[in-house]
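Analysis of the macromolecular model
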Amino acid sequence: MVSTGRKTSSLETEMGEKKVKVAVAVEEENVGTVVGSGVHVVELSGATGDHHHHDHGDHRPKDIVLVRKGDVAHATVRALSVASAVTAVLFMVTAEENGTISIYGFSLPVYSKWSFSDSFEYLVGVSAAVAAHSLLQLLLSTSRMLRKSSVIRSRNHAWLIFASDQVFAYAMMSAGSAASGVGNLNRTGIKHTAFPNFCKPLHIFCDHVAISIAFTFFTCFLLAITAVQDVICLANN
């Protein structure tokens, strides 16, 4: 009986050592949980907790990077809006030319200037307002980015920017449409009447008007993009 007890004890000791060795080997290979080794299960749960902790820590920098990219994109579109609106204003206010036109065989001197048309004046006024609005938002966005804070401070701020962008976008669309009607009339004239095509003798004037109208619609498109960005900010907040 004594010898049997010793053999049994030695066998249990060897089996225990083998279990410990298997548990350690599995732990080193990170395969999974070994049933029957309570110490190993506790260590794996702790490792899992650490893993989840690191996962949460890893997600935060990614979120910050995404926010920074959105802020940079927002500032970029604002800068393009400023440049486009200013270009529209510059081409329109420099639309001025002297020329000579023939009506019923008579040569008449003509002089054309952007301020002679209410539609062109409306375009200049709206484009200047959009340029000022976009420049202000660009400066505010840049200052907040330099301070490493979000461009959109709150949900109410996002709603305010969204509303202003929508208003200016529709204003630019109406200004471009009104100016397009006058510009098209100057270019084609009126059929079955003596009203001539003024763009033949005044081609520089018409080219400046056409470029200004093109940048007006492009600015409207950029404002629509900023409105979409505002909607994304509202959805995230």
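Throughout this description, residue numbers start from 1 for each chain and increase along the sequence as written. In keeping with the predicted nature of the model, local features appear solely for residues at pLDDT of at least 70, side-chain atom pairs appear and are counted solely at 80 or more, and the whole-chain, interface and lining totals rest on all residues. In computing side-chain properties, one takes all heavy atoms of the structure into account and sets aside hydrogens as well as water.

Let's talk about the overall build of the chain
Secondary structure follows DSSP: runs of H or I at least 4 residues long count as helices, runs of E at least 2 residues long count as strands, and numbering of each begins at the N terminus. Along the chain, the regular secondary structure elements total 5 helices and 2 strands. Listed N to C, the secondary structure of the chain is α-α-β-β-α-α-α in terms of helices and strands. Any residue under 20% of the maximum accessible area for its type is buried, any over 50% is exposed, and the rest in between are partly exposed; the area is computed with a 1.4 Å probe on protein chains only. For the chain, the residues scored as buried account for 32% of the 237 residues in total. The contact criterion used throughout is that any non-hydrogen atoms of two residues lie within 4.5 Å. Summarising the internal contacts of the chain: among those between residues at least 6 apart in sequence, 71% fall at separations of at least 24. Shrake-Rupley sampling with a 1.4 Å probe provides the accessible areas, and residues are treated as covered by the protein chains on show and by no other component. Within the structure as shown, the chain displays about 14,800 Å² of accessible surface, and the carbon and sulfur contribution to it stands at 66%.

Remarks on the nonpolar core
Among the nonpolar cores identified, the biggest contains 27 residues, and Met92, Phe120, Phe205 and Val209 are the most heavily contacted of them. Where this core is concerned, the elements lending two or more residues are helix H2 (38–93), helix H3 (118–146), helix H4 (155–188) and helix H5 (203–236). Buried residues of nine kinds, namely Ala, Val, Leu, Ile, Met, Phe, Trp, Tyr and Cys, make up a nonpolar core once their side-chain atoms join them within 4.5 Å.

Some details on the packing of H3 against H5
Only the stretch in contact is used when a helix axis is fitted, and all axes are lines through C-alpha atoms; the angle between N-to-C directions ranges over 0 to 180 degrees. Close contact between H3 and H5 brings their axes to 11 Å; oriented N to C, the two are set at 40 degrees. Comparing the axis directions of H3 and H5 gives the class oblique. When you trace H3 past H5, the crossing you get is left-handed. Residues Phe120, Leu123, Ser127, Val130 and Ser134 of H3 lie in contact with H5, whose contacting residues are Phe205, Val209, Ser212, Ile213, Thr216, Thr219 and Leu223. In this count, Pro and Cys sit with the nonpolar residues alongside Ala, Val, Leu, Ile, Met, Phe, Trp and Tyr, while Asp, Glu, Lys and Arg are called charged and the others, Gly among them, polar. Across the contact of H3 with H5, the residue classes break down as 7 nonpolar, 5 polar and no charged. Roughly parallel means an angle under 35 degrees; roughly antiparallel means over 145; roughly perpendicular covers 65 to 115; every other angle is labelled oblique. Less than a right angle of anticlockwise turn of the near helix away from the far helix marks a crossing as left-handed, whereas a clockwise turn marks it as right-handed.

Comments concerning the UniProt feature "transmembrane region" (unreviewed entry) in the chain
UniProt positions are given in the numbering used here, feature names are shortened, and annotations may be inferred rather than shown by experiment. UniProt marks residues 75–95, 122–140 and 202–228 with the feature "transmembrane region" (unreviewed entry), using the numbering shown here. Between the end C-alpha atoms of residues 122–140 the distance is 27 Å, and the span holds 100% helix and 0% strand. For residues 202–228, the end-to-end C-alpha separation is 40 Å, with 96% helix and 0% strand making up the annotated structure.

Points about the side chain of serine 112
With respect to the helices and strands, the residue serine 112 is situated in strand E2 (residues 106–113). The buried category is assigned to serine 112, whose relative accessible area is 14%. Here serine 112 is in contact with Ala95, Glu96, Glu97, Leu202 and Phe205, once residues within four sequence places are set aside.

A look at the packing of aromatic side chains
The geometry of two aromatic rings is summed up by the distance between their centres and the angle between their planes. Between rings of Phe, Tyr and Trp, where Trp is taken as its six-membered ring, a pair exists when centres lie within 6.5 Å; planes separated by under 30 degrees are stacked, by over 60 edge-to-face, and by other angles tilted. Counting across every chain of the model gives 3 aromatic pairs. Ring centres 5.7 Å apart and planes at 75 degrees place the aromatic pair tyrosine 111 and phenylalanine 116 in the edge-to-face group. Judged by its relative accessible area of 37%, tyrosine 111 falls in the partly exposed class. When the ring of tryptophan 159 is compared with that of phenylalanine 162, the centres are 6.0 Å apart and the planes differ by 80 degrees; the resulting orientation is edge-to-face. One end of the pair, tryptophan 159, and the other, phenylalanine 162, are both in helix H4, 3 residues apart, so they sit about a helical turn from each other. Judged by relative accessible area, tryptophan 159 falls into the partly exposed class, the value being 43%.

Things to note about the pattern of salt bridges
Once their charged atoms are close, side chains differing in charge can pair, the charge on each being opposite to the other. Take a side-chain nitrogen of Lys or Arg and a carboxyl oxygen of Asp or Glu: if they are within 4 Å of each other, that pair is a salt bridge. Here the structure, examined in full by the defined rule, presents 1 salt bridge. Close ionic contact of arginine 78 with aspartate 165 constitutes a salt bridge, the shortest N to O distance being 2.8 Å. Taken as a pair, arginine 78 in helix H2 and aspartate 165 in helix H4 lie far apart in primary sequence, 87 residues in all. Accessibility classification places arginine 78 together with aspartate 165 in one group, the buried group.

Points about the environment of serine 143
By the secondary structure assignment, serine 143 is in helix H3. For serine 143, a relative accessible area of 27% corresponds to the partly exposed category. Only 2.8 Å separates the side chain of serine 143 from the backbone oxygen of leucine 140, close enough to count as a polar contact. Here a polar contact is taken to be a pair of N or O atoms separated by no more than 3.5 Å, where protein atoms must pair a possible hydrogen donor with a possible acceptor and residues adjacent in sequence count only if both atoms sit in side chains.

Remarks on the pairing of E2
Pairs of strands are assigned from DSSP output, requiring at least two bridges between the strands. Direction of pairing for strand E1 (residues 96–103) relative to E2: antiparallel, over a ladder of 8 bridges. Note on E2: the bridge partner recorded for serine 102 is serine 107. In this antiparallel pair of consecutive strands, E1 and E2, the connection spans 2 residues, and tyrosine 104 shows a positive phi of 55 degrees.

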